Every structure is written in C-alpha cells, then in structure tokens.
Amino acid sequence: MTSQPSSSPPSGLQAGLKNRHLSMIAIGGVIGAGLFVGSSSGIRTAGPGILLSYALVGTLVVLVMRMLGEMSAANPTSGSFSAHADRALGRWAGFSIGWLYWFFWVVVLAVEATAGATILEGWVPAVPQWAWALIVMMVLTATNLVSVGSYGEFEFWFAGIKVVAISAFVIIGALAVFGVLPGVDSDKAGLGNLTDHGGFLPNGPGAILTGVLLVVFSFMGSEIATLAAGESEDPQRAVTKSTNSIIWRVGVFYLGSIFVVVTLLPWNDPSIKEKGSYVAALDSLGIAHAGQIMNFIVLTSVLSCLNSGLYTASRMAFSLGQRGDAPKAFARTTSRGVPLAAIVASVVFGFVAVFFNYRFPDSVFLFLVNSSGAVALFVWLVICFSQLRMRKIIERESPEKLVVRMWLYPYLTWATAALIVFVLGYMLTDTEHDGRETVLLSLLVAAVVLVIAVVRQKRGHGSVVVGDGRGTRAVDDGDDVEDVIKVG
C-alpha cells in the first residue's frame, strides 16, 4: 500500500475544503428547501402532532448518521456509504446504492433548478423560467468546475444565510410565543395552539405516520459532510465533528422551527395552506415583506441544494469510476483536483431532467421524481447493514480507528433497520400522497440497477479500491473483500 500525506488524497482529489467549510456544510446539509416548502402539507395532515413525525424521522437520521460516522471516521472516502457497502456487503451493494444515489441527486438538480427559476421569474419576469433554470445550473456548474475550494466557499455562504435566517426565525418566533417580543402583538400566538384546535392529534395517531412520509425526504443531505470529508484538511476530525453535532442540528433547525410555526398559528389556519407555513408565521407577526424575505431564504436554500447536489453526484460518480463501476474517465481529475467528466456527466443528466420537467412534466419527469423518491430510505437501510459488518472488520484490522462508535451496537442498528423497513411498508398503504407509487417505482429502478450489478460482478468487471483515503489498493472481484481490506 502506498502512503501519501493526509492532506493530499491519492485519488487525484485535493484537500481544498477548510474546516470552516466542512462545519457549515454539515450544519447547512440538514436544512433543505423541503423544510421551508414541504412542511405546510405535513402540518395540515398531522396538526401539532407533526412535531412527533419530525422527532421520529430526526431520531432515525441521528442513528443512521452515527453509523455512517463510525465507518467514515475510520475510513474517509469520497464514496462514503457506497464505498463502505462495497467493502462490507459486496460489489453489488456498492454499485447499486452508488448509482441510485447519483440518480437521486441528478433528479434533485432539475427539481431545485425549476424551483429557483420560479422565484427568479417572479422577480424578473422578462426572463423566461426555462432561461433562469439554465442560468442557475450554468453558474453553479462553473463554480464546481473551478475547484473544490470554490464549491466550499459558495456553500459556506449559502449555508450561512440559511443558518442565520432559520436561527433568527426560531428566536423571534419563540419570543412572540411567550409574549416577550417588543413591538409585536400577535393575538394568535401561544402554547394553546398545540391543543386548542381539536387536540394535539386532531386527525388521530395514524396521522403521525402519514406525516413521516411527508417529511422524511426533507432530511436527505445530512450525509453530504461524510462525502466531502475526503477532500478536507483533516477528514477524521471533520467526520467526527459533524457526526457529534447532528443531534442539536436536527433539534434546533427542524423541531425548533416547526414548534415555532405550530405555536404562532393554529395548525388549521387557512394562511398556512395559502402562503406556506413559514411565510404565514412571519405574516402573523406583522413583519413587512414576509413573503419576499422567505422567497429569498428559499432561493438561497435552492441554490445551496443545487450546489451540494452537483458536488455530491459528481463525487459519487468519481468514486464509482475509481472502483471500476463507472467509466474510467469519471475517476480522472484536472490539475486542480476536479473530476471534470464526473461533473459534466451529472450536469448533462440534470439538464435532460430539466428539459423533461418543461416538456413532459406529468409523465416522464413525474416518473423520474417518483422513481427516485424512496432512495433516501434505501441508502439509510444499506448504511445499517454495512455498519453491522464493517464494525467487525474495523475491530479486527484497526480498532484504534473506532473514534466514533454506534450506540448499543448491534441492537440499535437492527432496530433502526427495522424502523426503516416499517416506514417503507407503511408507504405501500399510502395512496393519498403517492407513497405506494413512489416505493413501487423506486423498487423497480433499484431492481434494474441490482440486476446490472449482479451481471457485472459475475462477468468480473472492475476492481475494488480499498483504503482509508490516504492509501488505496485494488483487489480483484474474486477476492473476499473482508479478507483483503486494510482499514488504515
């Protein structure tokens, strides 16, 4: 095994992300545009009980991130959970989950580009929506092509605006709820909103699970910090820090902000449906131009998601290329450590998806969105099973690298996997919010990718790259990964 300095990964990527970049990427990664845009439907469905839905999914994310943190701190790599699955479960697992994750993010690129274009067209109607989508995609593509440092810098400021905005929202809203915000007289605000309008669970306990289905996908992105850690100055420290901070991040930004919304306004207030939950909450405080303020924050979140989505998709494609599961060109980098082909390929598919959104919104694009919808749950499930085997491998090979440990292993890991399977099963009963269609189409796409993976493995395509981000080696498909892996 060839050793290289930790500051310069041998893969061709460069350690261009500073610790402040990683910290903000980790914090901002859990604040997606879905939190601002999608929360209103969850509130209308579950009432104040949506807090339990967010708490349930938040707990799930914390547990999954703990498992991923354990594996990534011991072995930082740009492939993150896909590379871990490759080593722990087999080539088929790393190939399948890697490509499904890439597919998820290129579809997200189209969704977010369209969302951003809608806001920008409202501000500058002279430029058509499709042109705004094109402009947004091109600007962020250029950012990612320059260097990983430029991605990190953009994301630092995008995420910073999100964090400041939502923190201010929580503080101002909480002061209003408890009646100590000067200059604001909100006659609707108060803790009584949690129980006064049909009770805490106005639509029954079952609405909690329906709420889970509506909010679970807004948490996707918390794993980005583990992918980016491979290009940071101190990968192990970055992963450990982001893993340890996930609890307060979910608590403050998700539970904190939703608590403020459902206490500022009754859950069934018509304005929540008409304006969106956050705009309605700001309006109830009499804050001028609340809609435009929230549009700016949502646009920032969209740009952040686009920026990170392009980065994440390209790094997953790079890792797949490095392991022989994608074209070799994906694993080549420029002199600045940028995987040019991987970025361009991801952008091209993103542009194609944007075209489908404008040309065939109710057929082709709807299929793309629904068929990628359950990928988050698939990823989390694979992380659970990977951690069950990787813990044994790490303990045998390099126990000193277990600087982050999953709690109550293996019992809590199994319990988390069971909960994810339960959520997927419950989605199959949901016909009102397209849950069944999402799971079935996602399973269809997953089955196709899985068949390709198995066929490739039987034909002996590619090689497995193993290592810890500072030294790698390739092994043949026929070798038992567990026997040859060197964690460290």
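Residues numbered from 1 in each chain as written. Predicted model: local features only at pLDDT ≥ 70, side-chain atom pairs only at ≥ 80, totals over all residues. Heavy atoms only, no water.

Quick notes on the overall build of the protein chain
Here comes step 1: Scanning the protein chain from terminus to terminus reveals 20 helices and two strands.
Here comes step 2: The C-alpha radius of gyration computed for the protein chain amounts to 22 Å, which stays within 12% of the reference 23 Å derived for 488 residues, consistent with globular compactness.
Here comes step 3: Counting only C-alpha atoms and orienting by the principal axes, one finds that the protein chain spans roughly 70 × 55 × 40 Å.
Here comes step 4: Residues classed as buried in the protein chain amount to 58% of the 488 residues present. (Helix = DSSP H or I, 4+ residues; strand = E, 2+ residues; numbered from the N terminus. Rg over C-alpha atoms; globule rule 2.2 N^0.38 Å. Buried < 20%, exposed > 50% of the residue type's maximum accessible area, 1.4 Å probe, protein only.)

Section: the pattern of salt bridges
Here comes step 1: Within the structure shown, the criterion is met by ten salt bridges.
Here comes step 2: Between Glu395 and Arg391 there is a salt bridge; the shortest N-O distance is 3.7 Å. Taken together, the residues span about one helical turn, with Glu395 and Arg391 both in helix 17 (residues 375-397) at a distance of four residues.
Here comes step 3: Its relative accessible area of 36% is what places Glu395 among the partly exposed residues.
Here comes step 4: Between Glu397 and Arg396 there is a salt bridge; the shortest N-O distance is 3.8 Å. (Salt bridge = Lys/Arg side-chain N within 4 Å of Asp/Glu carboxyl O.)

Concerning the nonpolar core
Here comes step 1: The biggest cluster of nonpolar side chains holds 151 residues, and the ones touching the most others in it are Phe81, Tyr101, Trp105, Val379, Trp380 and Ile420.
Here comes step 2: Leaving out residues up to four positions away in the same chain, Trp105 has contacts with Met220, Gly221, Glu223, Ile224, Cys305, Gly309, Thr312 and Ala313. (Core = buried A, V, L, I, M, F, W, Y, C linked by side-chain atoms within 4.5 Å. Contact = heavy atoms within 4.5 Å.)

Quick notes on the layout of surface pockets
Here comes step 1: Quantified by volume, the largest pocket comes out at close to 1200 Å³.
Here comes step 2: Lining the largest pocket are 46 residues, with Gly34, Val111, Phe217, Ser218 and Val369 sitting closest to its centre.
Here comes step 3: If you list the elements that add at least two residues to the lining of the largest pocket, you get helix 1 (19-29), helix 2 (33-46), helix 5 (91-123), helix 7 (148-177), helix 8 (206-215), helix 14 (290-322), helix 16 (364-372) and helix 19 (435-459).
Here comes step 4: Of all the elements, helix 5 adds the most residues to the lining of the largest pocket, at eight residues.
Here comes step 5: Within the lining of the largest pocket, the residues separate by chemical class into 24 nonpolar, 17 polar and five charged.
Here comes step 6: Of the voids in this model, the second largest pocket is the one considered here, and its volume is about 300 Å³.
Here comes step 7: In terms of lining, the second largest pocket is formed by 15 residues, of which the most central are Trp92, Ile97, Phe378, Val382 and Leu450. (1 Å grid on protein atoms, 1.4 Å probe; cavity = no way out; pocket = protein on both sides within 12 Å on 5 of 7 lines; lining within 4 Å. Points joined across faces, edges and corners; volume = space filled by probe spheres on them. Nonpolar A, V, L, I, M, F, W, Y, C, P; charged D, E, K, R; others polar.)

Shape descriptors only; they carry no functional weight alone.
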